[in-house]
Amino acid sequence: MSTPYTWDNANFAWNNNPYTWDDVALVQELAGAIGGGRNYQEVHKVLKDPKKKKQFIKLLCKVQGKEYEETKETADYKIVISDVQLVVSELASTVKLQL
């Protein structure tokens, strides 16, 4: 079994990775919330924090290939489980997540 990357043992250039450590930490938290038979209620608890929700929406746009030069706060964006699963699977294929 391979060792997951952490801040202490990552010995590669992070420059070519489009994700930040904060992105990875959020996705790992969300992956834990949807894994192991948990449901949307657990994901909702994580995304109830406005800062995490905003970060997730930006991350979802990045995964979907949507990049914006300007941003504008909009009304409440409804996040569905398939959005979370998409982001988790994308980052899991790029960065080894320890779940």
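Residues numbered from 1 in each chain as written. Predicted model: local features only at pLDDT ≥ 70, side-chain atom pairs only at ≥ 80, totals over all residues. Heavy atoms only, no water.

Caption draft 1: Up close: the nonpolar core. Core analysis: the biggest nonpolar cluster contains 19 residues, and Leu30, Phe56, Val84, Val87 and Leu91 have the highest contact counts within it. For this core, the secondary structure elements donating two or more residues are helix H1 (21–34), helix H2 (40–47), helix H3 (50–63) and helix H4 (81–94). No other element matches the six residues that H1 contributes to this core. Contacts of Val87, omitting those with residues within four sequence positions, involve Val27, Phe56, Leu59, Leu60 and Val63. (Core = buried A, V, L, I, M, F, W, Y, C linked by side-chain atoms within 4.5 Å. Buried < 20%, exposed > 50% of the residue type's maximum accessible area, 1.4 Å probe, protein only. Helix = DSSP H or I, 4+ residues; strand = E, 2+ residues; numbered from the N terminus. Contact = heavy atoms within 4.5 Å.)

Caption draft 2: Seen up close, the pattern of salt bridges. For the structure shown, the criterion picks out two salt bridges. Residue Lys52 is joined to Glu29 by a salt bridge in which the shortest nitrogen-to-oxygen separation is 2.9 Å. In this pair, Lys52 is assigned in helix H3 and Glu29 in helix H1, connecting sequence segments 23 residues apart. Taking relative accessible area as the criterion, Lys52 reaches 24% and is therefore assigned partly exposed. Looking at Glu29, the relative accessible area reads 34%, which means it is partly exposed. Residue Glu42 is joined to Lys45 by a salt bridge in which the shortest nitrogen-to-oxygen separation is 3.5 Å. Of this pair, Glu42 and Lys45 both sit in helix H2, three residues apart, roughly one helical turn. (Salt bridge = Lys/Arg side-chain N within 4 Å of Asp/Glu carboxyl O.)

Caption draft 3: The arrangement of the side chain of Asp23 in detail. By the element assignment, Asp23 lies in helix H1. Despite its burial, Asp23 pairs with no opposite charge; the closest candidate is Lys62, at 4.0 Å N-O. Of the polar contacts made by the side chain of Asp23, one reaches the side chain of Gln55; its length is 3.2 Å. (Lys, Arg positive; Asp, Glu negative; His and termini not counted. Polar contact = N/O pair within 3.5 Å; in protein donor to acceptor, adjacent residues only side chain to side chain.)

Caption draft 4: View of the packing of H1 against H2. Running from N to C, H1 and H2 cross one another at 155 degrees; their axes reach a closest spacing of 7 Å. What the angle tells us is that H1 and H2 run roughly antiparallel. Both H1 and H2 take part in a crossing whose hand is right-handed. On H2, the residues that touch Leu26, Glu29, Leu30, Ala33 and Ile34 of H1 are Glu42, Val43, Val46 and Leu47. Of the residues that constitute the contact of H1 with H2, the class distribution is seven nonpolar, no polar and two charged. (Axes fitted to C-alpha atoms, helices over the stretch in contact; angles between N-to-C directions. Parallel < 35°, antiparallel > 145°, perpendicular 65-115°, else oblique. Left-handed = near helix turned anticlockwise from the far one by under 90°. Nonpolar A, V, L, I, M, F, W, Y, C, P; charged D, E, K, R; others polar.)

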